[in-house]
Amino acid sequence: MKKTLIFVLILIVLALVALGTNPDSWKHKEKIKSHATQLLTRNASDPFSALLGAGLSAAVVGVALETIFNYQSYGVCSVGSFVIGDETYPVSIGIFGIVVPLFGESTLEKLNE
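### Considerations on the sheet that holds strand E2 (residues 77-84)
Across the sheet, which stays open at both edges, the four strands sit in the order E1-E2-E3-E4 with antiparallel pairing between neighbours. Each edge of the sheet is formed by a strand with only one pairing partner; in this case those strands are strand E1 (69-73) and strand E4 (98-101). Mean inter-strand twist for the sheet, computed between neighbouring axes without regard to direction, equals 25°. In terms of strand pairing, E1 meets E2 through five bridges, oriented antiparallel. Considered in E2, the bridge of Asn70 is made with Ser81.

Here it is in structure tokens:
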């Protein structure tokens with residue numbers, strides 16, 4: 001009985017901490033921008049290509065974040081996704097103040113289409 005009570009109290013405390021630290025839409029957008037820039041510049045063969053890739057990535061991702069980005073908060077966690085046509089692509093998940101990107105180069109290629 002005592003172990004069960006302690007376990008339930010720990011779960012309640014974790015849920016309250018998760019509620020208080022759930023990342024907002026802005027944090028999701030900033031993490032998506034930085035991750036996309038890293039993906040698009042890491043394969044660049046020279047500094048000019050890296051700079052060009054960073055600029056293009058900022059433009060493409062910026063437009064995508066303003067037009068097709070969807071943020072959903074579930075209280076203890078949040079999910080960012082791109083809605084392209086009838087398809088929804090999860091691109092980030094956030095919990096305890098941390099946003100983790102869930103996309104790779106293939107998702108960025110779909111944005112360019």
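### Considerations on the pairing of E2
For E2, the buried fraction is high: six of the eight residues fall into the buried class. Hairpin geometry of E1 and E2 is characterised by an intervening segment of three residues between the two adjacent antiparallel strands and by a positive phi of about 85° at Gly75. The turn linking E2 back onto strand E3 (residues 87-95) is made up of two residues, and Gly85 within it adopts a positive phi angle of 65°.

### Re unusual backbone geometry
The residue Phe96 is not glycine, and still its phi comes out positive at about 55°. In this fold, Phe96 is placed in the loop between E3 and E4. On the basis of relative accessible area, Phe96 is assigned to the partly exposed category, the value being 38%.

Cut-offs and rules
- Residues numbered from 1 in each chain as written.
- Predicted model: local features only at pLDDT ≥ 70, side-chain atom pairs only at ≥ 80, totals over all residues.
- Heavy atoms only, no water.
- Pairing = 2+ DSSP bridges.
- Helix = DSSP H or I, 4+ residues; strand = E, 2+ residues; numbered from the N terminus.
- Axes fitted to C-alpha atoms, helices over the stretch in contact; angles between N-to-C directions.
- Buried < 20%, exposed > 50% of the residue type's maximum accessible area, 1.4 Å probe, protein only.

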